[in-house]
Protein chains: 2
Amino acid sequence: MEEIKIQRAAKLKEKPDPKTLGFGKIFSDHMFLLDYHAGQGWHDPRIVPYGPFMLDPSAMVFHYAQEVFEGLKAYRAPDGSVQLFRPADNARRMADSCDRLCIPPVPEELFVEAVKALVKVDADWVPNEPGTSLYIRPFVIATDASLGVHASHSYLFCIITGPVGAYYAEGINPVKIYVENDDVRAVKGGTGYTKCGGNYAASIRAGERAEEQGYAQVLWLDGVHRKYIEEVGSMNVMFKVDGKIITPALTGSVLPGITRRSCLELLRDWGYAVEERLITAEELFDAAESGKLEEAWGTGTAAVISPIGEMGWKDKHVVVNGGEIGSLTQKLYDTLTGIQWGVEPDPYGWTVKL
Amino acid sequence: MEEIKIQRAAKLKEKPDPKTLGFGKIFSDHMFLLDYHAGQGWHDPRIVPYGPFMLDPSAMVFHYAQEVFEGLKAYRAPDGSVQLFRPADNARRMADSCDRLCIPPVPEELFVEAVKALVKVDADWVPNEPGTSLYIRPFVIATDASLGVHASHSYLFCIITGPVGAYYAEGINPVKIYVENDDVRAVKGGTGYTKCGGNYAASIRAGERAEEQGYAQVLWLDGVHRKYIEEVGSMNVMFKVDGKIITPALTGSVLPGITRRSCLELLRDWGYAVEERLITAEELFDAAESGKLEEAWGTGTAAVISPIGEMGWKDKHVVVNGGEIGSLTQKLYDTLTGIQWGVEPDPYGWTVKL
Ligand SMILES: Cc1ncc(COP(=O)(O)O)c(C=O)c1O
Ligand SMILES: Cc1ncc(COP(=O)(O)O)c(C=O)c1O
């Protein structure tokens, strides 16, 4: 593996107040870069001062969205040390995304080393207020200066980071989600299981419509039958129905969330019956109306564990657990964040110290 | 409408040999830019020397592919004048794409004026060899320096141009296309009817697989039933079966091509029965095997009219019209290119002189 060169910023930025952090607007002092050119492979890993890209207007990423990204976090433990959560899983998933998008995969080991090296350089940016963390955004863009639809021959892999607070304005308070009936985010055979830009571009309109109606996010249905529940904008979803846990199966149009995977491992360890299967919106709303839906929550790196308090679908509207966070949701939140922030032991070996 | 400011390049580039033009690798001396900021709307239209963009690494276009584009051409007429083909239709379609992607639409009149002004400034770049033209690529990208999935508050509209020859290496010679059975490009409820980057990113892998098998492009099936023919990579498709013309209906996952629309107008005027409807791959291959498929061709700005000589689907392989361009395909090509290059009269008012 090529050595990562480090060029430090001459002047460091002022850090924001860790008590009022939002999401995704503030970036740390440095970024990681890695180039790809056909014939040469991925090369020249380097950490440089955070700054703009210079790209030709014909760069493929602007026209054909050949781009993928990842999202993970660095957490400040009580002893002041910094740790990552399952970074190798993000490396793996980005390789899968690359494969679908015909982007040469970034070597997984290099991905993890790059994240570590960058967070080390900007370790002062990892905040230590409760609930805060350093959000890490690795991404790849196609840079060929050429029109015509085909895979690019050159790419840029970049990692940027920034301190973040809660993803939703609601914090850990329950969110309202709306089942989208018209727009489709992803379909089997498409790119739904990847983190490619196009999935998110397709989702913006429904998100705006949901917001107009007072909902925080969209609950997507599958693109073929338009009846199976898939996931929320940036979270996977889980439901506690009659004591059992059900969550949509990974059918190809759902993102295989790392928080999802972690929750399923915890839940199984706790002795819950967990079903990964197809779930219709009808089944879900029937369960809610008959009182069998005990809890509902979303899982995701940005949103962590997010209780779902209300759900709308066409003219139906149901309240889950009286609009309060349920005890299992709370236990998942406490356990997962306990491990992530190094407050509880990590029997699973999920965390990676810097 | 704000006046378009013009800043000319100090040094002009050398023009390429018009006899060996490819597609999309050479760009003219200038580009058009227009900014959008929430509260301010689209503003500051200007023509400046062609050059790179400076964009923050967190710019939304790199992460969530909030981007749309168009494609049209300027043609050199025998009298030396330059004309555009239905530019208002591109302006309209880009507004539709913007709408789906939650991008504030570029005013259609300004779109057309901008194209005209830019082509005027770079008029020397419009080549005059047979079959050559100036390809025009308008596009919009989301520029907010912010992570978190929602519509951007700032955008850049840009137009770049470049002289082009034939899109396919085959030129007007028949191309081979392959019906894709696994990957899906677009689905009803998604973004298939728009020219957004995500559609093309999703299509690259199948395109590569088709190429590996010796085919020039992919023939897409619908994402729901996986049996109805939709379109080719960058062309709509038409078939002459038993004297009638059939072409896939615009069901929401097919791009409403301007060349398609123009061909349908010509064909109806010529007295052909034209059916826009659902067509299964099975119907198509049955027609081919029973000898009823007389001609097949693709339509698109880049590819103009492109005869389809062979088609593969699973283990089937059919040759259309002996692998030769058919007489109706040739007539469409001659008529359309005649109008576009100003060699024939334009009774439809499709062309717009600069
Ligand atoms: C569409 C989508 N689903 C689910 C998730 C959750 O995945 P993870 O738990 O790996 O963050 C995310 C966010 O990362 C996402 O963007
Ligand atoms: C997916 C797709 N279909 C069809 C077309 C043809 O459309 P038009 O005739 O407007 O160029 C294009 C190219 O522009 C395209 O990208």
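The shown structure was predicted, so the numbers you read here are calculated from the model rather than taken from an experiment. (Residues numbered from 1 in each chain as written. Chains lettered and ligands numbered in written order. Predicted model: local features only at pLDDT ≥ 70, side-chain atom pairs only at ≥ 80, totals over all residues. Heavy atoms only, no water.)

Asker: I'm lost on the interface of chain A and chain B in this one. Help?
Answerer: The parts lose accessible area when they come together, and the size of an interface is often stated as this lost area. On the chain B side, the residues contacting the 61 residues of chain A number 61 residues. Between chain A and chain B lies a buried interface of about 4,900 Å² when both sides are counted; carbon and sulfur atoms form 62% of it. If you sort the residues of chain A by the area they bury against chain B, A:Pro57, A:Phe62 and A:Leu147 come out on top, with a joint share of 13%. Linking chain A to chain B there are two salt bridges. Note that A:Asp183 and B:Arg100 form a salt bridge whose closest N and O atoms lie 3.6 Å from each other. Where chain A touches chain B, the interface holds 22 residue pairs in polar contact (both at pLDDT 80 or more). Those elements giving two or more residues to the side of chain A that touches chain B turn out to be strand E4 (53–55), helix H1 (60–64), strand E5 (67–69), helix H2 (87–100), strand E8 (133–142), strand E9 (154–164) and helix H4 (197–212) of chain A. Relative to strand E4 (residues 53–55) of chain B, E4(A) runs antiparallel, the two sharing three bridges. Note on E4(B): the bridge partner recorded for A:Leu55 is B:Phe53. (Contact = heavy atoms within 4.5 Å. Buried area = accessible area lost by both parts, 1.4 Å probe. Salt bridge = Lys/Arg side-chain N within 4 Å of Asp/Glu carboxyl O. Polar contact = N/O pair within 3.5 Å; in protein donor to acceptor, adjacent residues only side chain to side chain. Helix = DSSP H or I, 4+ residues; strand = E, 2+ residues; numbered from the N terminus. Pairing = 2+ DSSP bridges.)

Asker: I'm lost on the site of ligand 1 in this one. Help?
Answerer: All names here are of chain A. Around ligand 1 sit 16 residues in total, of which Tyr200, Glu231, Ile258, Thr259 and Thr301 are the nearest. Contact distances for ligand 1 include 2.4 Å between a nitrogen atom and a side-chain N or O atom of Glu231. A distance of 2.7 Å separates an oxygen atom of ligand 1 from a polar atom in the backbone of Ile258. Within the complex, the protein chains bury 96% of what would otherwise be the 390 Å² of accessible surface of ligand 1. Sorting the residues of the shell around ligand 1 by element identifies helix H5 (258–269) and strand E16 (293–300) as the ones contributing at least two each. (Near = heavy atom within 4 Å. Areas by Shrake-Rupley, 256 points an atom, 1.4 Å probe, with all protein chains shown as cover.)

Asker: Please clarify how the environment of A:Pro307 should be interpreted in this entry.
Answerer: Residues and elements named next belong to chain A. Considering the arrangement of structural elements, one finds Pro307 in strand E17 (residues 304–313). On the basis of relative accessibility, which here comes to 2%, the residue Pro307 falls in the buried class. Residues Pro307 and Ile204, spaced 103 residues apart in sequence, show a C-alpha to C-alpha distance of 22 Å. (Buried < 20%, exposed > 50% of the residue type's maximum accessible area, 1.4 Å probe, protein only.)

Asker: Would you explain the nonpolar core in this entry?
Answerer: Soluble globular proteins tend to pack their nonpolar side chains together in the buried interior. Grouped together as the largest cluster of nonpolar side chains are 130 residues, with contacts concentrated most on A:Phe53, A:Phe62, A:Phe157, B:Phe53, B:Phe62 and B:Phe157. Setting aside residues no more than four positions away along its own chain, A:Phe157 makes contact with A:Phe32, A:Leu33, A:Leu34, A:Trp42, A:Met94, A:Val106, A:Phe111, A:Pro138, A:Phe139 and A:Val140. (Core = buried A, V, L, I, M, F, W, Y, C linked by side-chain atoms within 4.5 Å.)

Asker: Is there a simple way to explain the domain arrangement of chain A in this structure?
Answerer: Residue and element names in this part refer to chain A. Assigned domains of chain A: these are domain 1 (5–165) and domain 2 (175–340). Taken over C-alpha atoms, the centre of domain 1 sits 27 Å from the centre of domain 2. Tallying the contact residues gives 20 residues for domain 1 and 22 residues for domain 2. Buried surface at the junction of domain 1 and domain 2, summed over both partners, amounts to about 1,800 Å²; 57% is from carbon and sulfur atoms. Interface area lost by domain 1 to domain 2 is led by Phe85, Arg93 and Arg100, which between them contribute 33%. Along the contact surface separating domain 1 from domain 2 lie two salt bridges. For Arg86, the salt bridge identified is with Glu265, shortest N-O distance 3.2 Å. Across the contact surface, domain 1 and domain 2 share 13 residue pairs in polar contact (both at pLDDT 80 or more). (Domains from an automatic or database assignment.)

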